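Breakdown of the fold
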Amino acid sequence: MERISTSAPGKLMLFGEHAVVYGYPCIVTAVDQRMRVIVGFNGRGAIGVRAPQVGLDRYHKRIADLGKQEVPKPVQFIEVLVKNFYEQYEVDRGLDILTESDFSVNFGFGSSAAVTTALAFGLSKLYSIQMSKKGLFDLCYKSVLEVQGVGSGFDIAAAIYGETLYFIGGRKEIKPLDSDGLPLIVGYTGVKADTPTLVRQVAELRRRRKAKVNKIFAEIAEIVETARGALTEKNYVLLGRAMDRNQKLLSDLGVSSKELDRLIAAARRAGALGAKLSGAGGGDCMVALRSAQGKLAIGKAIEEAGGEVIDVELGTEGVRLEKRA
Ligand code: MEV
């Protein structure tokens, strides 16, 4: 039987995290570390899922039961996406699904959004259903929200469109930006962060200190605009300053951590033009902007401070068909 193989990129948030959940803009870039999905019909009226990267050996669920009963965490995004796709297009054939990852799901590169997107795209190919990018976004965003309850959808936009994007929460705007040659170093703290928990923590702070948090969001939105211009003009001194200012505001929101602070300080001491956490905070990765010569020194400083430098290419291609067999 026919099998479709697709892939979608992970992402790195560059500016605007947290504020984007409230409808402000952010800048995100797709990375060359991808999630891969192989999907085909199985003739059994059930889904069979294997996801070795999250320790899922084999999982079965009848199509008629999708979304019912308890769904184990590693398979939630997959099951909910299939359920929503099947409801939307009124189809019901059984599927074998295998997911694979180029990267550790601990990095915070958006593996859930990428796997959801790659699977939705694969299903559209398997069923020969024409889906626009907007249609794909809406289906994936609905599914991700159903599983984790919160999120701006910026990671889905990166998985679908690829490149570096200016994204406004609620998908009010998605614009590609030129990030060619952006000299960024990525450092992993070794600590896995839980995005929904951090988003809810910020929501709780906003409930108690609304004026203060709204002011921080407005300042972050201004920084995103500055960064957008600086990125396009390749003015890295200005861009680095914007990263430092964004990091200060994220600290004020309470989402940085001692591990992130340590790597960020080490990168700055080693000559980075700017550095900040990337994503929800609490752990995951930080990013540092380096000068032309700074790569070795900043990388070494991050590692000496306990981080792991991850080599990534930025602004890569969005979801794509790998193979039809
Ligand atoms: C998480 O990587 C970024 C947040 O802004 C959440 C989101 O936008 O979905 C904290």
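Above: the structure in question.
Residues numbered from 1 in each chain as written. Predicted model: local features only at pLDDT ≥ 70, side-chain atom pairs only at ≥ 80, totals over all residues. Heavy atoms only, no water.

This part covers the side chain of Gln247. Within the fold, Gln247 resides in helix α7 (residues 236-252). For Gln247, a relative accessible area of 4% corresponds to the buried category. In this structure the side chain of Gln247 is engaged in a polar contact, spanning 3.0 Å, whose partner is the side chain of Ser256. Those residues within four positions of Gln247 in sequence are excluded, and the remaining contacts are Ser256, Asp261, Ile264, Arg268, Ala275, Lys276 and Leu277. (Helix = DSSP H or I, 4+ residues; strand = E, 2+ residues; numbered from the N terminus. Buried < 20%, exposed > 50% of the residue type's maximum accessible area, 1.4 Å probe, protein only. Polar contact = N/O pair within 3.5 Å; in protein donor to acceptor, adjacent residues only side chain to side chain. Contact = heavy atoms within 4.5 Å.)

Right, let's talk about the layout of surface pockets for a bit. Gaps between atoms show up when a probe of the same size as a water molecule is rolled over them. One number sums up the size of the largest pocket: a volume of about 940 Å³. Taken together, 44 residues form the lining of the largest pocket, with Phe77, Ser111, Ser112, Gln148 and Lys192 sitting closest to its centre. Counting residues per element, the ones that place at least two in the lining of the largest pocket are β1 (3-15), α1 (76-89), α2 (111-126), α3 (133-148), α4 (154-161) and α5 (195-208). With four residues, α2 is the largest single contributor of residues to the lining of the largest pocket. Its residues assigned to classes, the lining of the largest pocket shows 22 nonpolar, 15 polar and seven charged. (1 Å grid on protein atoms, 1.4 Å probe; cavity = no way out; pocket = protein on both sides within 12 Å on 5 of 7 lines; lining within 4 Å. Points joined across faces, edges and corners; volume = space filled by probe spheres on them. Nonpolar A, V, L, I, M, F, W, Y, C, P; charged D, E, K, R; others polar.)

Another aspect to go through is the pattern of salt bridges. Counted under the stated rule, the structure contains 21 salt bridges. Taking the shortest distance from any N to any O, the salt bridge between Arg208 and Glu204 comes out at 3.5 Å. With a gap of four residues between them, Arg208 and Glu204 both fall in helix α5, about one helical turn apart. Judged by relative accessible area, Glu204 falls into the partly exposed class, the value being 31%. We note a salt bridge from Glu317 to Arg320, for which the minimum N-O separation is 2.9 Å. Among the charged side chains, a network of salt bridges with common partners joins Arg36, Asp102, Glu317, Arg320 and Glu322. (Salt bridge = Lys/Arg side-chain N within 4 Å of Asp/Glu carboxyl O.)

What follows deals with the packing of aromatic side chains. In this structure the tally under the stated criterion is twelve aromatic pairs. By way of ring pairs, the aromatic residues Phe41, Phe85, Tyr86, Tyr89 and Tyr127 are connected into one cluster. Stacked on the ring of Phe41, the Lys or Arg Arg93 has its end atom at 3.6 Å from the ring centre. Between the NZ or CZ atom of Arg228 and the centre of the ring of Tyr166, over which it lies, the distance is 3.7 Å. (Phe/Tyr/Trp six-rings, centres within 6.5 Å; stacked < 30°, edge-to-face > 60°. Lys NZ or Arg CZ within 6 Å of the ring centre and 35° of its normal.)

A sheet is described by the order of its strands in space; here four strands give the open sequence β9-β10-β8-β11, paired in antiparallel fashion. Each edge of the open sheet carries a strand with a single partner, namely β9 (274-278) and β11 (308-310). For this sheet, the mean inter-axis angle between neighbouring strands, taken without regard to orientation, is 30°. The pairing of strand β8 (residues 184-188) with β11 spans three bridges and is antiparallel. Within β11, the residue paired with Val186 across the bridge is Ile310. (Pairing = 2+ DSSP bridges. Axes fitted to C-alpha atoms, helices over the stretch in contact; angles between N-to-C directions.)

By the secondary structure assignment, Lys61 is in strand β4 (residues 56-62). At a separation of 2.7 Å, a polar atom in the side chain of Lys61 contacts the side chain of Glu79. Not counting residues within four places of it along the chain, the set of residues in contact with Lys61 comprises Ala46, Ile47, Leu66, Gly67, Lys68, Gln69, Glu70, Val71 and Glu79.

With that out of the way, let us pick up the site of the ligand. Around the ligand sit Lys11, Glu17, His18, Val20, Val21, Gly151, Ser152, Phe154, Thr195, Val199, Gly279 and Ala280, and those are all the residues in its vicinity. The separation between an oxygen atom of the ligand and a polar main-chain atom of His18 is 2.9 Å. Between the ligand and Ser152, the relevant distance is 2.6 Å, taken from an oxygen atom to a side-chain nitrogen or oxygen of the residue. For the ligand, the protein covers 96% of the area, taking 300 Å² as the surface of the free molecule. Put simply, the ligand lies in the largest pocket. (Near = heavy atom within 4 Å. Areas by Shrake-Rupley, 256 points an atom, 1.4 Å probe, with all protein chains shown as cover. Sits in = over half its atoms within 2 Å of the grid points.)

For the rest of this paragraph, the subject is unusual backbone geometry. The phi dihedral of Gln69 is positive, around 55°, even though this residue is not glycine. Within the element layout of this structure, Gln69 appears in the loop between β4 and α1. Unusually for a residue other than glycine, Glu90 sits at a positive phi of about 50°. With respect to the element layout, Glu90 can be found in the loop between α1 and β5 (95-101). According to the relative accessible area criterion, Glu90 is exposed, its value standing at 73%.

In short, the description is geometric, and any link to function would need to be established separately.
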